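In case you want the letters, here they are:
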Amino acid sequence: MSKTDDISVIKRQFLASLNHEIRTPLSGILGMTDLLLETPLTADQKEYVDSARLCAENLLELLNGALEFSALSASHVRVEETEFSLRETLDGVTAEFLPKAESKGLKLIRNFDSRLPDAAIGDAVRLRQLLVNLLSNAIKFTDQGEVELSAFGHTDQSSVSLSLVVRDTGIGISPERVRSIFEGFQRLHNGLLSDHSGLGLGLAVSQKLAMLLNGNITVQSELGRGSTFFLDIPLRLPSETLKPEPEPQLEQSRGRILVVDDNSVAQTIASHALRRRAFEVQCAGDGLAALQAASQCAFDLILLDLQMPGLDGFQTVERLRQMPRYVETPIVAVTANCSEDYRDKCRRYGMQGFLAKPVRTKDLVQTVEQYCTPVLASH
Ligand code: ADP
């Protein structure tokens, strides 16, 4: 074995133990602060614990970035080739960023070409990671306006050239910086103490990942007007699923669901995931629209966002329960507030289920199936 090989083995072992040694106590800090946040705290104490948690999360992000960068630089990353659902991956990532975008008052737009095939073969984890990097930057560097994720592609017999575009209306990047933006440690050029956290490794990692997947990543940006990142990734198609799945027929419906959410992206994600699984879905944008829809049609389950303008979720439940048809219909609360107190409040208001935002498609479907199947079975 050469000296270089020796060093590379030692480096890999060092990184593996560094990863474990730092990640374990960090998980402890994160877990304990979570526990602490569930206990009664004064406003001051809650603020201190919240910032401690944020610091730990930032540290974990930095650690992940540094480890990923060095693993990719040393070509120690293997590409997985498995079949996955393209739509679920795109929907899942968008759903994950909804609360963050909402908390900054940004519109998160999702624009997916319906002709894109659903089943694809490739490395879904890496693809997801690339989108997470681009979307988190887009939201981080945008204070007003919108962030849009578009997906389209060119499909032939056995493959799809997937094009993903992440556009924001944020601070933009100067032409000098655009040239070196994918080089890594960009933040070091600017000084780490400026107003956004990060080592400046996200885009360097993204470019290495895109290359690993035989893809390509580029950017166009204008200072003060926003940036657009273009990501092209080739994927293979499984032989039997070249066409998008047909919409399920009405008579095969597994249940009628009312999705109540003031955010149209959240509505689209939920209705898309459920329709694909043969549920009938109607959406309502606020409490009053929900009551109106409920009076016109008998739903088997209601998914209810709790923080809405006008009638909030709790007021909506109260009114729904006064309608003879909805005395016992399962209602599942959908909210970013996961505290025990809040869950108790939902139970007191007669809601049967609880889904925490960001809602993963898997959890959404599981919950809906749990409440819908028995109702249909008894028909
Ligand atoms: P990090 O976000 O960890 O600082 P990145 O490699 O992801 O590192 O980004 C490097 C730098 O590129 C950022 O610090 C920022 O200055 C700039 N940048 C990245 N994405 C955007 C964006 N969407 N809008 C404006 N600037 C961006």
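Here, every reference points to the structure presented above.
Residues numbered from 1 in each chain as written. Predicted model: local features only at pLDDT ≥ 70, side-chain atom pairs only at ≥ 80, totals over all residues. Heavy atoms only, no water.

Novice: So, the overall build of the protein: which residues are in play, and what are the values?
Specialist: In terms of regular secondary structure, the protein is built from 12 helices and 12 strands. Counting only residues that meet the buried cut, the protein has 42% of its 379 residues in that class. Residue pairs in contact within the protein that sit at least 24 positions apart in sequence constitute 70% of those at least 6 positions apart. When the accessible surface of the protein is split by element, carbon and sulfur atoms take 54% of a total near 20400 Å². (Helix = DSSP H or I, 4+ residues; strand = E, 2+ residues; numbered from the N terminus. Buried < 20%, exposed > 50% of the residue type's maximum accessible area, 1.4 Å probe, protein only. Contact = heavy atoms within 4.5 Å. Areas by Shrake-Rupley, 256 points an atom, 1.4 Å probe, with all protein chains shown as cover.)

Novice: Can you break down the packing of helix H3 (residues 86-103) against helix H4 (residues 124-140) residue by residue, with the values?
Specialist: Relative to each other, H3 and H4 sit at 30°, their axes nearing to 10 Å. As far as their axial angle goes, H4 and H3 are roughly parallel. For the pair H3 and H4, the sense of crossing is right-handed. Contacts from Leu 86, Thr 89, Leu 90, Val 93, Glu 96, Phe 97, Lys 100 and Ala 101 in H3 reach Ala 124, Leu 127, Arg 128, Leu 131, Val 132, Leu 135, Ser 136 and Ile 139 in H4. When grouped by side-chain class, the residues that make up the contact of H3 with H4 number 11 nonpolar, two polar and three charged. (Axes fitted to C-alpha atoms, helices over the stretch in contact; angles between N-to-C directions. Parallel < 35°, antiparallel > 145°, perpendicular 65-115°, else oblique. Left-handed = near helix turned anticlockwise from the far one by under 90°. Nonpolar A, V, L, I, M, F, W, Y, C, P; charged D, E, K, R; others polar.)

Novice: Provide a residue-level description of the packing of aromatic side chains, including the pertinent values.
Specialist: One pass over the full model with this rule turns up three aromatic pairs. Taking the centre distance of 4.8 Å and the plane angle of 55° together, the rings of Phe 314 and Tyr 349 count as tilted. Placement of the pair is Phe 314 in helix H10 (residues 313-321) and Tyr 349 in the loop between helix H11 (340-348) and strand S12 (353-356), with a sequence separation of 35 residues. (Phe/Tyr/Trp six-rings, centres within 6.5 Å; stacked < 30°, edge-to-face > 60°.)

Novice: How would you sum up helix H7 (residues 202-212)? Please name residues and give values.
Specialist: Where H7 is concerned, the buried positions are Leu 203, Ala 204, Val 205, Ser 206, Leu 209 and Ala 210. Just downstream of H7 lies Asn 214, where phi reads positive at about 60°.

Novice: Run through the pairing of strand S9 (residues 280-284), naming residues and quoting values.
Specialist: Pairing analysis gives five bridges linking strand S8 (residues 256-260) to S9, with the strands arranged parallel. When the bridges of S9 are listed, Arg 256 appears paired with Glu 280. (Pairing = 2+ DSSP bridges.)

Novice: Tell me about the side chain of Asp 91, residues and numbers included.
Specialist: Within the fold, Asp 91 resides in helix H3. Taking the relative accessible area as the measure of exposure, Asp 91 reaches 4% and is therefore buried. Beyond its immediate chain neighbours, meaning those up to four positions away, Asp 91 contacts Arg 110, Phe 112, Ile 269 and His 272.

Novice: Go over the environment of Asp 262, please, and point to the residues and values.
Specialist: Here Asp 262 is to be found in the loop between S8 and helix H8 (264-275). On the basis of relative accessibility, which here comes to 39%, the residue Asp 262 falls in the partly exposed class. When neighbours within four sequence positions are excluded, Asp 262 is seen to be in contact with Gly 285, Asp 305, Gln 307, Met 308 and Pro 309.

Novice: Now, about H3: what can you tell me, with residues and values included?
Specialist: With 18 residues, H3 extends 27 Å between its outermost C-alpha atoms, agreeing within 8% with the 26 Å of an ideal straight helix rising 1.5 Å per residue. Where H3 bends most, at Phe 97, the angle is about 35°, and the proline Pro 99 comes one to four residues later. Within H3, burial applies to Leu 86, Arg 87, Thr 89, Leu 90, Asp 91, Val 93, Thr 94, Ala 95, Phe 97, Leu 98 and Ala 101. Just downstream of H3, Gly 105 is the residue with a positive phi angle, here 75°. (Expected span 1.5 Å × (residues − 1). Bend = angle between axes of the 7 residues up to and from the residue.)

Novice: Any chance you could break down the sheet that holds S12 for me, citing the residues and the numbers?
Specialist: The strands making up a sheet associate through backbone hydrogen bonding, with each pair oriented either parallel or antiparallel. Pairing is parallel across the open sheet formed by five strands, whose spatial order is S9-S8-S10-S11-S12. Pairing within the sheet leaves two strands with one partner each, and these edge strands are S9 and S12. Put simply, the sheet's adjacent strands are angled 20° from each other on average, direction ignored. Pairing of S8 with strand S10 (residues 301-305) involves four bridges; the strand directions are parallel. Residue pairing in the sheet places Val 260 in a bridge with Leu 304 of S10. Contacting S10 and strand S11 (331-335), H10 crosses the sheet at an angle of about 155° to S10.

Novice: Residues and numbers for the nonpolar core, please.
Specialist: Judged by nonpolar contacts, the single largest core of 52 residues is most densely connected at Leu 86, Leu 135, Leu 164, Leu 231, Ile 233 and Leu 235. What Leu 135 contacts, discounting residues up to four positions off in sequence, is Val 93, Phe 97, Leu 108, Val 147, Leu 149 and Val 166. Among the nonpolar cores identified, the runner-up in size contains 25 residues, and Met 308, Ala 333, Tyr 342 and Met 351 belong to it. (Core = buried A, V, L, I, M, F, W, Y, C linked by side-chain atoms within 4.5 Å.)

Novice: Give me the lowdown on the packing of H3 against H8, citing residues and values where you can.
Specialist: Contact geometry for H3 and H8: axes closest at 10 Å, N-to-C directions at 145°. Viewed along their axes, H3 and H8 form a crossing whose handedness is left-handed. Counted together, Arg 87, Asp 91, Thr 94, Ala 95 and Leu 98 of H3 and Val 265, Ala 266, Ile 269 and His 272 of H8 form the full contact between these two elements. The residue makeup of the contact of H3 with H8, split by class, is five nonpolar, two polar and two charged.

Novice: Which residues make up unusual backbone geometry, and what values do they have?
Specialist: Trans peptide bonds make up the majority, and among non-glycine residues the majority have a negative phi. Positive phi, close to 60°, is recorded for Asn 214, a residue that is not glycine. Along the chain, Asn 214 falls in the loop between H7 and strand S6 (216-222). For Asn 214, a relative accessible area of 63% corresponds to the exposed category. For Ala 278, which is not glycine, the phi dihedral falls at a positive 70°. The residue Ala 278 is located in the loop between H8 and S9 in this model. The buried category is assigned to Ala 278, whose relative accessible area is 16%.

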